[in-house]
Structures are given as C-alpha cells and as structure tokens.
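An overview of the molecular structure
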Amino acid sequence: MVSRSAVGIVSTGRALPVSHVSNQDLETVVETSDQWITSRTGIKERRIVNSDETCSGLATIASKIALERAGLRPAEIDLLIVATVTPDRQMPSAACLVQANLQAYNAAAFDLAAGCTGFLFGLNVAEQYLKAGTLKNVLLVGVDILSPFVNWQDRNTCVLFGDGAGAVVMTNVEPGRGLQASKIFSDGHKAGLLYVPSGGSSSPASLRTVRERRHYIRMNGPEIFKFAVNTMVDSTLQVLEMCGKTTADLDYLLPHQANRRIINFALKRLGLKPEQVLVNIHRYGNISSASIPVLLDEAVEQGNIKEGDLLALVSFGAGLTWGAAVLNW
Ligand code: UT7
C-alpha cells in the first residue's frame, strides 16, 4: 500500500566526468604533495570535466539512469529540481536545460542553490510537495562542476574539489518506509567563509575582475572545518530525535565528502563504528551537491545498503548551509 504521507527515494543514478586528475598530477601544477593531500583530506583523485561535459549534460545522464531504474517515462515527472551552484549559464536554469534534454515536458523545473547542502535542501523541498499530495513524481539532481571556479594557482582550494552529478527519483512509498525526518538550516552571517567574489550582479565580469582572479572560489578552510564537525553531529542527532531514533538504531551514515578528517571527527562524536560510514572521497574529492547522491548510488549498486537499513544523510556547505535526513531504505 502506498500512503501519501510516506515519501521515499525509489531509484538513483550518477554521472562522472571521464578525466581523472590524481594528486601526482596536481604536484606538477601547484606546490603540494600526494602525501599532504592524502593525509590532510583523504583525497587521492578527482574527476574534472572536459569541453564536451557540462552541468546539464551530466545531470541528464544521471537522471536517465534514475528514471529507467524507477520504470518511469520522463513525461511522468511532475517536478524537476536541480541542486547546483554551478549551472551551465547565469540563465536559464540548468533544470530547464535538463528538462529539455529529457523531454520531461510535464515537469516544473527549477534550480536550487544551497552550496554543498543542495541535495539535502532538494530532498526537503520534494518531501513537502509529495507529502502534501500535490505532486506524484519528483526528479532531484545534485550536480556541481566546480573545476572552472577553482583557482589552479591556489593550493589551499584546488586540491579539494571535483565535478559530478547524482540523481534520485522520489515518490510516495509504503508507510514506515522512506524519509523518516529531514531538516535544513542556514546561517548567512557566515557567507564570507566560502564564496566567489565576482560574476554576480553586484560585481559583473570585467577586465579588472578577471585580472584580479575574482571568479574563483575563496575559502576559509579551518573555520569551515570546525563548523562542519559541529553541525554534522548536531543536525544528525536532531533528525534522529525527530523520528524517535538514536545513533544505536543507525546502520549507515552518508556524510558530505569534503574531508576525510571531518568525517572521522563526526563519526567519533556520534559514537559510530568506522564500518558504519560510507566514503568515496578518495576517488572524487568534494563534488558539492553531487556528493551524497553519488555516494548513495554507488552504495545501492554495490549492495552495501540493504532494504530496511536505517541511513542518516548529512551535509554542510556555502551559505553557510547544513542539513540532515533519516531514511529507512
Ligand atoms: O563543502 C565545503 C567546502 N569546504 C570544506 O569542506 C573545507 C573544510 N576545511 C578543510 O578541509 C581543511 O581546513 C583544509 C583541507 C582546507 C586545510 O587543512 P588544514 O589541516 O586545516 O590546513 P591549514 O589550512 O591549517 O594549513 C596547514 C598548512 C599551511 O601551511 P603553513 O601556513 O602551516 O606553513 C598551508 O599553507 O598546510 C599548507 N597547505 C598545503 N600544503 C601542501 C594548504 N594546502 C596545501 C596543499 N599542499 N594543497
């Protein structure tokens, strides 16, 4: 039986660029070492788009896989949310480009910008529509193409980020299954910790902004590190409490893949065992909104997650934003 109030993820898909960039490759670009990157972040390589690969293109590939696995035609999608801070262009939205690629002509399509927490913001928005019963099928994509916004002369940031897309189909499911709780948060006072100074309406592109390298990510890594550990722990505990569970009930934690050390600290504070956390940061680095849906898709495909497992998803990112969700898989 399918109840209107129960909402779940019924399928997943992912798409990653073909080009691998290893830590050794980066040693030839900036003053860094495989040893530093591995020990401080856990990253070994990342995927970077080539000139044929775009935000909407990767999102489309991931979406087609998720739709096929859900057994849905594109025309059956009512809402298409693309969580991204790196759309193909300033306008129109990446979501409208994906809609056109898929021919999902019955869907309302929009982008959602919440930094690396974009996927969990999208999950929360989709949950409201599906619970209200106003829509039946939602396609949610988390996609970011960060490589064009990375300053390849700044070793503090260029070693961290990568590109990728993950998609899920959400619909109503049997009572007791699917999303048990989800919560999203923002603190705009911390906007200056992670931002791109120019290219928006307050500082449009000019010769000066390009010369001053103002179109690249600027980040206060250590401050975000502390913020990330605290908010990941707090928000995970909050969503567990919202659904009457504790960490003892959890099977797996699927955290945003930004830094292996952040994940390890959070894991320890939550009292979880190392084998309870899913990690793929060594292969992709930080792929922002795509981080959690790609991790989820790989875990499902590899059979690491079984029906009935209780999962906690948790993320943080530019804004600053953060959020968490509990899923009965
Ligand atoms: O999705 C949200 C996105 N952002 C994040 O999640 C960022 C969270 N923060 C982090 O992951 C970490 O703070 C970083 C990985 C960014 C930095 O690690 P850290 O352990 O906090 O290092 P640090 O910034 O305190 O720097 C330590 C040293 C510095 O040298 P000095 O000043 O001690 O001589 C840096 O210049 O490490 C140096 N360093 C590097 N050395 C070699 C910074 N980046 C590199 C590098 N290779 N790539």
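Residues numbered from 1 in each chain as written. Predicted model: local features only at pLDDT ≥ 70, side-chain atom pairs only at ≥ 80, totals over all residues. Heavy atoms only, no water.

With that settled, consider the site of the ligand. Near the ligand lie 23 residues; those nearest to it are Thr32, Arg40, Arg155, Asn259 and Asn286. Interatomic distance of 3.0 Å between a side-chain N/O atom of His256 and an oxygen atom of the ligand. For the ligand, the accessible surface in isolation is 950 Å², of which the surrounding protein chains cover 73%. At a threshold of 2 Å from the grid points, most atoms of the ligand map onto the second largest pocket. Those elements that place two or more of their residues in the shell around the ligand are helix H2 (34-41), helix H6 (155-158), helix H8 (221-242) and helix H9 (260-270). Ranked by residues supplied to the shell around the ligand, first place goes to H8 with four residues. Residue composition of the shell around the ligand, grouped by class: twelve nonpolar, seven polar and four charged. No fewer than three residues from each of domain 1 (7-175) and domain 2 (180-328) sit in the shell around the ligand. (Near = heavy atom within 4 Å. Polar contact = N/O pair within 3.5 Å; in protein donor to acceptor, adjacent residues only side chain to side chain. Areas by Shrake-Rupley, 256 points an atom, 1.4 Å probe, with all protein chains shown as cover. 1 Å grid on protein atoms, 1.4 Å probe; cavity = no way out; pocket = protein on both sides within 12 Å on 5 of 7 lines; lining within 4 Å. Sits in = over half its atoms within 2 Å of the grid points. Helix = DSSP H or I, 4+ residues; strand = E, 2+ residues; numbered from the N terminus. Nonpolar A, V, L, I, M, F, W, Y, C, P; charged D, E, K, R; others polar. Domains from an automatic or database assignment.)

Time to look at the packing of aromatic side chains. Applying the stated rule across the entire model yields three aromatic pairs. Here the aromatic residues Phe185, Phe227 and Trp322 are joined through ring pairs into a cluster of three or more. (Phe/Tyr/Trp six-rings, centres within 6.5 Å; stacked < 30°, edge-to-face > 60°.)

With that out of the way, let us pick up the sheet that holds strand E13 (residues 321-328). An order of E8-E13-E12-E11 is seen for the four strands of this open sheet, with the pairing classed as mixed. Edge positions in the sheet fall to strand E8 (178-186) and strand E11 (252-255), since each of these pairs with one other strand and no more. Averaged over all adjacent pairs, the angle separating strand axes in this sheet is 10°, with direction ignored. Where strand E12 (residues 310-317) and E13 come together, eight bridges link them in antiparallel fashion. Looking across to E13, one finds that Leu310 is bridged to Asn328. (Pairing = 2+ DSSP bridges. Axes fitted to C-alpha atoms, helices over the stretch in contact; angles between N-to-C directions.)

Below, the discussion takes up the domain arrangement of the protein. It is common to report an interface's size as the accessible area lost on association of the parts. When its domains are assigned, the protein resolves into domain 1 (7-175) and domain 2 (180-328). Each of domain 1 and domain 2 has a C-alpha centre, and these two points are 14 Å apart. Contacts between the two partners involve 50 residues from domain 1, matched on the other side by 45 residues from domain 2. At the junction of domain 1 with domain 2, the criterion picks out five salt bridges. (Contact = heavy atoms within 4.5 Å. Salt bridge = Lys/Arg side-chain N within 4 Å of Asp/Glu carboxyl O.)

Moving on, we come to the nonpolar core. Judged by nonpolar contacts, the single largest core of 47 residues is most densely connected at Leu253, Ile262 and Phe316. Those elements giving two or more residues to this core turn out to be E8, H8, H9, E12 and E13. No other element matches H8, which puts nine residues into this core. Leave out the neighbours within four places in its chain, and Phe316 touches Cys116, Thr117, Ile224, Phe227, Ala228, Thr231, Met232, His256, Ala258, Ile262, Thr321 and Trp322. Among the nonpolar cores identified, the runner-up in size contains 31 residues, and Phe121, Leu130, Leu135 and Leu295 belong to it. (Core = buried A, V, L, I, M, F, W, Y, C linked by side-chain atoms within 4.5 Å. Buried < 20%, exposed > 50% of the residue type's maximum accessible area, 1.4 Å probe, protein only.)

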